[in-house]
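Listed here are the chains, written in short residue letters.
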Amino acid sequence: MGKGGRRAYAAVSLLAAGALALTGCSQGGSKNGSGDQKDSENAKRQQSSIDFGDAQDSVGPAAEISGAKAGGTVTVLQRDSYAHLDPAQIYVSDEGSLASILHRGLTGYKATSNDGAKHEVVGDLATDSGTTTDGGKTWTYKLKDGVKWADGTPITSADLRQTFERLFAPFVANGPTYIQQWLANTPGTDYRKLLKDGPYKGKHLSDSILATPDDKTIVFKFKEPKPDLPYALAMAGYSIVSAKKDTQVKYDKAPMTAGPYKIADFKSGKSMTLVKNTNWDPKTDPIRHQYVNQFNILFNKQFEDSTKAMLDGTGTNATSISFNNQVDAGNLSKVLGDSALKSRVVSGYQPYVGQMNINLSQPEMQDKKVREAIAYALPISPFVRAYGGAQAMEVAGGLISPTVSGYNPNFDPFGKKKKPAGDPAKAKQLLKEAGKEGMKLTFGYINTPEGQQYSTAMAAGLQKAGFNVQRQEIPAETYYDQVSKVKNNYDIFHTAWGADWPSASTVIPPLYDGRTIQDGSSNYSHINDKKVNADIDRINKITDPVKAAEEWNKVNEYIVKDVVSNIPTAYYKQTQIAGPKVGGMVYDDVLGGVDPRRLFVK
């Protein structure tokens, strides 16, 4: 969400598996416990499309949560500080969770069940989920009456134009790129040519592309039908930005907000305080609540720290939660097996797929036999074990999650499901054939307890095959910023990604289109394969979702088996716990974790 996990389900990336999982993502919504059958049902449910709501569905306030009351302070224990607060730069899950109560967009996902499992896309700031009369080439949105910024000024179409035009500016490098590419009618990074400096030098997109005919209306005009626009607009990365308060690069640390909360204080790496936005009107918001008076967010709380605090459940721990930290591996079985904890534990299947990226920008990685040796040698079991074993993860064969249409459970070209500890003998033979025995392999890993654990064991497995592995730690807070640089020093590094909405069209193009390579891009392996690029263009024109899903899976299998640029590691599950006095606890499929928008103090 992601990046590690992204998904238009809110495009949230996730802090799972030691490397934020990029957004694009969601999790189960199932309460306390799993089992293979429940996991399967959970995953299949998430493959279903989400309907677009009408004007009536978009009217606030959000449905009341049973037993909820206003007041109190919730302490939020987070492992990583937030690298980005500017909506345009948000594409990982922890920042997406925060964005759900700070920022608002034209559309959003409204829960239609009380367990986080069912949703519809509705108008958030807009009066509905969008109107099109030509099959998706032209989309019109109108702002609701009475929507305001946290400083009390009205939100207008000038803010909407600023929001979408600034996406073309060079400093915006970490968020989603769907709408930019659609407006420019081009894949890859060429969209920037449409408005290379954004709106900051006096130029604007013409009305033939983006029109704002009055203070409350915006019209998107695409060359090709874009029926998924309401999904894309619901992503945190397309939340609106204030035209008057847009400080460009500096906006990333001090944004103007429109959601139910605003930032009172932020000490990067230490803490953040959120207080109520008194200019947020619940009558305009069908998605969020504002029960809690204040959120005190504390960083540098590892999974074990946050789990122990909430198991303690006394003092401030009684009203503690984590938006993204999962239950640590050492306590997972205990938490899932204790019936007394059932009411404050949620667990489910996520859309994230972990993968070890082989950096194709490195000259040594150009040899396919070397890449195949890495693929066979890489042990997956240490990765799964670091997060709690089968209750936390499932060994992956491909790059498409069980939660996304097109998933093939039988695909496993390197035998990881049968040999999760790797096949060092096969790898050693390949390395010998390549004449690269003893070659140096730089392994960039996230500096967390889990990252240290799995990277050490994975490095040992690679060394058995004849590699000389050098591990290099990367700070968790800036992990994705570092590995998404075109010129980084790592040969291999792990990321995770979740679909931005339930389609592999939000997995294959953002991760593997060679034309997207730039700093901040999600093409972490720097794959630039002519067949993959051509297939992306071809499949994007297929209107039958079933046929498209089949074709996307073929690309997935080609990348894993023939290009060997990305080695699947695991499909993610997640279990989270809260203190005994935190109410409104559900795992939301769209956010891929606990839903901050419905929390209250009992």
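Residues numbered from 1 in each chain as written. Predicted model: local features only at pLDDT ≥ 70, side-chain atom pairs only at ≥ 80, totals over all residues. Heavy atoms only, no water.

## Focus on the overall build of the protein
No. 1: For the protein, the helix and strand inventory stands at 15 helices and 21 strands.
No. 2: Taken along its principal axes, the extent of the C-alpha atoms in the protein is 70 × 60 × 40 Å.
No. 3: A buried classification covers 63% of the 602 residues belonging to the protein.
No. 4: Across the protein, 72 positive and 64 negative side-chain charges occur, with their mean positions spaced 2 Å apart. (Helix = DSSP H or I, 4+ residues; strand = E, 2+ residues; numbered from the N terminus. Buried < 20%, exposed > 50% of the residue type's maximum accessible area, 1.4 Å probe, protein only. Lys, Arg positive; Asp, Glu negative; His and termini not counted. Charge placed at Lys NZ, Arg CZ, Asp CG, Glu CD.)

## Quick notes on the packing of aromatic side chains
No. 1: Under the criterion given, the structure shown has 29 aromatic pairs.
No. 2: A ring pair is formed by tyrosine 231 and tryptophan 501, whose centres lie 5.8 Å apart and whose planes are at 20 degrees; its orientation type is stacked. Highlighted residues: tyrosine 231 in helix H5 (residues 229–233) and tryptophan 501 in the loop between strand S16 (492–497) and helix H13 (508–512), separated in sequence by 270 residues.
No. 3: Note on tyrosine 407 and tyrosine 571: the rings are 5.7 Å apart at their centroids and 85 degrees apart in plane angle, and the pair reads as edge-to-face. Of this pair, tyrosine 407 sits in the loop between strand S13 (393–395) and helix H10 (424–433) while tyrosine 571 sits in strand S17 (residues 566–577), placing them 164 residues apart in sequence.
No. 4: Using a relative accessible area of 21% as the deciding quantity, one classes tyrosine 407 as partly exposed.
No. 5: By relative accessible area, which is 1% here, tyrosine 571 ends up buried.
No. 6: Among the aromatic residues, ring-to-ring pairing joins Phe52, Trp139, Tyr141, Phe164, Tyr178, Trp182, Phe220, Phe222, Tyr231, Tyr238 and Trp501 into one connected group.
No. 7: When the ring centre of tyrosine 376 is taken as reference, the NZ or CZ atom of lysine 426 above it lies at 5.5 Å.
No. 8: We note arginine 471 situated over the ring of tyrosine 445; from NZ or CZ to the ring centre the distance is 4.3 Å. (Phe/Tyr/Trp six-rings, centres within 6.5 Å; stacked < 30°, edge-to-face > 60°. Lys NZ or Arg CZ within 6 Å of the ring centre and 35° of its normal.)

## Side note on the pairing of strand S3 (residues 107–111)
No. 1: The buried fraction of S3 amounts to four of the five residues, a majority that puts the element mostly inside the structure.
No. 2: Summarising the sheet, S3 and strand S4 (residues 119–123) pair through five bridges and their orientation is antiparallel. When the sheet's bridge partners are listed, lysine 110 is paired in S4 with glutamate 120. (Pairing = 2+ DSSP bridges.)

## A few points about the pattern of salt bridges
No. 1: Scanning the entire structure with this criterion turns up 28 salt bridges.
No. 2: For glutamate 551, the salt bridge goes to arginine 538, with nearest N and O atoms at 3.1 Å. Of this pair, glutamate 551 sits in helix H15 (residues 545–563) while arginine 538 sits in helix H14 (residues 530–539), and the two are 13 residues apart along the sequence.
No. 3: What makes arginine 538 partly exposed here is its relative accessible area of 38%.
No. 4: We note a salt bridge from glutamate 551 to lysine 554, for which the minimum N-O separation is 3.0 Å. Placement of both glutamate 551 and lysine 554 in helix H15 is noted, with a separation of three residues, approximately one turn of the helix.
No. 5: Note on glutamate 551: relative accessible area 7%, which makes it buried.
No. 6: Ionic contacts of the salt-bridge type, sharing partners, join the residues Lys531, Asp535, Arg538, Lys547, Glu551 and Lys554 into one network. (Salt bridge = Lys/Arg side-chain N within 4 Å of Asp/Glu carboxyl O.)

## Notes on helix H2 (residues 93–102)
No. 1: Counting buried positions over the 10 residues of H2 gives 10, a clear majority of the element.
No. 2: Listed in full, the buried residues belonging to H2 are Ser93, Asp94, Glu95, Gly96, Ser97, Leu98, Ala99, Ser100, Ile101 and Leu102.

## Quick notes on unusual backbone geometry
No. 1: Note the cis peptide between glycine 60 and proline 61, where omega equals 0 degrees.
No. 2: When you line up the elements, proline 61 lands in the loop between helix H1 (36–46) and strand S2 (73–77).

## Thoughts on the sheet that holds strand S9 (residues 271–276)
No. 1: Read from one edge of the open sheet, five strands run S8-S9-S10-S2-S11, paired in mixed fashion. Both outer strands of the open sheet, strand S8 (261–267) and strand S11 (320–321), are each paired with one neighbouring strand and no more.
No. 2: Judged from the two bridges that link them, S2 and S11 form a sheet pairing that is parallel. In the strand pairing of S11, valine 76 is matched with isoleucine 321.

## Focus: H10
No. 1: Those residues of H10 not exposed but buried are Ala427, Leu430 and Leu431. An end-on view of H10 places all buried positions within 100 degrees of arc, on one side of the element. When the buried face of H10 is taken as reference, the exposed residues oriented beyond 90 degrees from it are Ala425 and Lys432.
No. 2: Next to the buried residues of H10 lie helix H8 (368–377).
No. 3: Phi for glycine 435, located one or two positions after H10, is positive at around 70 degrees. (Arc of directions from axis to C-beta. Contact = heavy atoms within 4.5 Å.)

These figures come from the coordinates and say nothing about function on their own.
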